[in-house]
Amino acid sequence: MRNRIIVIGLIVLIGFWFGSRANRPVIKTSKGETVRKAWNDPHARKARKKLGKKIAKAAKRHG
């Protein structure tokens, strides 16, 4: 009896988990589009600009 309750509980939990995952949309994008989005991200732009300044400063010091 106890094992039956545990098995039914597991089936309910697994069903609930699959049901909660089922309504999530899956959007597939190409790798090119993913790279383009990452490149155009404002934070990435700022980081590239900051890194460029850092490299220029280091090159000027050692140049």
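Figured I'd write up the structure that's included with this text. (Residues numbered from 1 in each chain as written. Predicted model: local features only at pLDDT ≥ 70, side-chain atom pairs only at ≥ 80, totals over all residues. Heavy atoms only, no water.)

For the rest of this paragraph, the subject is the overall build of the chain. A tally of regular secondary structure across the chain gives 3 helices and 0 strands. Tracing the chain from N to C terminus, the helices and strands come up as α-α-α. Its C-alpha atoms give the chain a radius of gyration of 26 Å, clearly above 11 Å, the size a compact globule of 63 residues would have. Considering only C-alpha atoms, the chain reaches an extent of 80 × 25 × 15 Å along its principal axes. The buried share of the chain, taken over its 63 residues, is 0%. Of the roughly 6700 Å² that the chain leaves accessible, carbon and sulfur atoms contribute 65%. (Helix = DSSP H or I, 4+ residues; strand = E, 2+ residues; numbered from the N terminus. Rg over C-alpha atoms; globule rule 2.2 N^0.38 Å. Buried < 20%, exposed > 50% of the residue type's maximum accessible area, 1.4 Å probe, protein only. Areas by Shrake-Rupley, 256 points an atom, 1.4 Å probe, with all protein chains shown as cover.)

The subject of this paragraph is the packing of aromatic side chains. If you walk through the whole model with that rule in mind, you get 1 aromatic pair. Taking the centre distance of 5.1 Å and the plane angle of 70 degrees together, the rings of Trp17 and Phe18 count as edge-to-face. On the accessibility criterion, Phe18 (53% relative accessible area) is exposed. For the cation-ring pair, Arg48 lies above Trp39, with the distance from its terminal atom to the ring centre recorded as 3.5 Å. (Phe/Tyr/Trp six-rings, centres within 6.5 Å; stacked < 30°, edge-to-face > 60°. Lys NZ or Arg CZ within 6 Å of the ring centre and 35° of its normal.)

Pairing between side chains of opposite charge can happen when their charged atoms approach one another. If you walk through the whole model with that rule in mind, you get 1 salt bridge. Glu33 is the partner of Lys37 in a salt bridge, and the nearest nitrogen-oxygen pair spans 3.9 Å. With a gap of 4 residues between them, Lys37 and Glu33 both fall in helix α2 (residues 31–40), about one helical turn apart. Residue classification places Lys37 among the exposed positions, given a relative accessible area of 55%. What makes Glu33 partly exposed here is its relative accessible area of 31%. (Salt bridge = Lys/Arg side-chain N within 4 Å of Asp/Glu carboxyl O.)

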